[in-house]
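What follows is the residue order along each chain.
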Amino acid sequence: MTTNAPLTVSVLGTGRVGSHIAAVLTQRGHTVTLGSRSPEQAIVRWTGPAVPILSLEEAAGTAPMVVNALPGDQALSVLTSLKAALSGRVLLDLANATTRTESSMELLYPGSSLAEQLQKVLPETWVVKSLNTMTYTVMTNPQGQVAPPTAFLAGNDSEAKQAVQKLLDALGWPPEWQLDLGDVTAARGSEALFLLVPFLVRARGFEPFSISVTQTTSAALY
Ligand SMILES: NC(=O)c1ccc[n+]([C@@H]2O[C@H](COP(=O)([O-])OP(=O)(O)OC[C@H]3O[C@@H](n4cnc5c(N)ncnc54)[C@H](OP(=O)(O)O)[C@@H]3O)[C@@H](O)[C@H]2O)c1
């Protein structure tokens, strides 16, 4: 792990992903605020380490980095309404925006991506896509996988991506497991990977999963 200084992060959404990331970061000494539609109810439900739980707007305006852990099909409208609070901040978007059909999932923004849509409506926010291609437990414990998983990054601003890489460091991701795919349009690729999920579940049940990009050894090239 290369992170030295404690990070200050707000996490929007107190579901499986939001509460897990908030609890783990807090346990590791970082400063976390959670954002909820109904903070009073979320406080009652909360069983993790002491963390302030505020409204979505208050939480979004609290930290230099904000994590979108909202339902992917709601994120665009909710985060658009937080435009002023999110101005000047890095938005780590880990959401998957899909619609569910009888037998599979469809992308909500085909030919584009949630991250691109967010970047379009939030021009004063630096949107970075990452962490959406794995089960939430892997996000905070990549070392627990039998093969090195890959954390893809996509975003237009290199400083914003560096800030997200610091968060990935804090979550236990070695730099060589982090793969910067380029600008925010690369989120089309990483978001589309989520279409595998119903088929993975069908093939192997609700087992945690991650995706790895591996290199061929030089000996195997010939
Ligand atoms: N679960 C995974 O392993 C996983 C993996 C990769 C990516 N993701 C993505 O991460 C995001 C969160 O997933 P999750 O599993 O944590 O979902 P979840 O358990 O359903 O939690 C989402 C949270 O967002 C808030 N929320 C729900 N509806 C809302 C609305 N209409 N407006 C504003 N806030 C709303 C709720 O918190 P409050 O009640 O406190 O407002 C809710 O607990 C999703 O986009 C998902 O695709 C999940």
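Let us look at the structure shown here. Quantities reported herein were computed from a predicted structural model and do not represent experimental measurements.

**Regarding unusual backbone geometry**
Working step 1: Despite not being glycine, Leu131 has its phi angle at roughly 70°, a positive value.
Working step 2: On the secondary structure map, Leu131 appears in the loop between β8 (126–130) and α7 (136–140).

**Digging into helix α8 (residues 158–170)**
Working step 1: The terminal C-alpha atoms of α8 lie 18 Å apart, and with 13 residues this matches the ideal 18 Å at 1.5 Å per residue to within 8%.
Working step 2: Taken together, the buried positions of α8 are occupied by Ala160, Lys161, Val164, Leu167, Leu168, Asp169 and Ala170.
Working step 3: Put simply, Asp157 is the residue that caps the front of α8, since its side-chain oxygen is 3.1 Å from the backbone nitrogen of Glu159.
Working step 4: Just beyond α8, the residue with positive phi is Gly172, at close to 100°.

**As for the site of the ligand**
Working step 1: As a structural note, the neighbourhood of the ligand is formed by 22 residues, with Thr14, Val17, Ser36, Arg37 and Leu70 the closest of them.
Working step 2: At 3.1 Å, a backbone N or O of Gly15 approaches an oxygen atom of the ligand.
Working step 3: Within the side chain of Ser36, one N or O atom sits 2.5 Å away from an oxygen atom of the ligand.
Working step 4: Residue assignment for the shell around the ligand shows that the elements contributing at least two residues are α1 (16–27), α4 (72–80) and α7.
Working step 5: If you tally residues by element for the shell around the ligand, the top one is α4, at three residues.
Working step 6: Residues belonging to the shell around the ligand are distributed by class as follows: 10 nonpolar, nine polar and three charged.

**Thoughts on the sheet that holds strand β5 (residues 90–93)**
Working step 1: The strand order β3-β2-β1-β4-β5-β8-β9-β10 describes an open sheet built from eight strands, whose pairing is mixed. Only two strands of the sheet have a single neighbouring strand rather than two, namely β3 (53–55) and β10 (178–180). Neighbour-to-neighbour, the strand axes of this sheet turn through a mean angle of 25°, independent of strand direction.
Working step 2: In this sheet, β10 lies alongside strand β9 (residues 151–155) in parallel orientation, the contact comprising three bridges. Paired with Ala151 across the two strands is Gln178, which belongs to β10.
Working step 3: Of the strands in this sheet, β4 (65–68), β5 and β8 are in contact with helix α6 (residues 114–121), which crosses β8 at around 170°.

**Focus: the pairing of β8**
Working step 1: Within β8, four of the five residues are buried, which leaves the element mostly enclosed by the surrounding structure.
Working step 2: Of the pairings in the sheet, the one linking β5 to β8 comprises four bridges and is parallel in character. Bridge pairing in β8 places Leu92 opposite Val128.
Working step 3: Where β8 lies against β9, three bridges are found, and the strand directions are antiparallel. For Lys129, the partnering residue across the bridge sits in β9 and is Ala154.

About the cut-offs
- Residues numbered from 1 in each chain as written.
- Predicted model: local features only at pLDDT ≥ 70, side-chain atom pairs only at ≥ 80, totals over all residues.
- Heavy atoms only, no water.
- Helix = DSSP H or I, 4+ residues; strand = E, 2+ residues; numbered from the N terminus.
- Expected span 1.5 Å × (residues − 1).
- Buried < 20%, exposed > 50% of the residue type's maximum accessible area, 1.4 Å probe, protein only.
- Polar contact = N/O pair within 3.5 Å; in protein donor to acceptor, adjacent residues only side chain to side chain.
- Near = heavy atom within 4 Å.
- Nonpolar A, V, L, I, M, F, W, Y, C, P; charged D, E, K, R; others polar.
- Pairing = 2+ DSSP bridges.
- Axes fitted to C-alpha atoms, helices over the stretch in contact; angles between N-to-C directions.
- Contact = heavy atoms within 4.5 Å.

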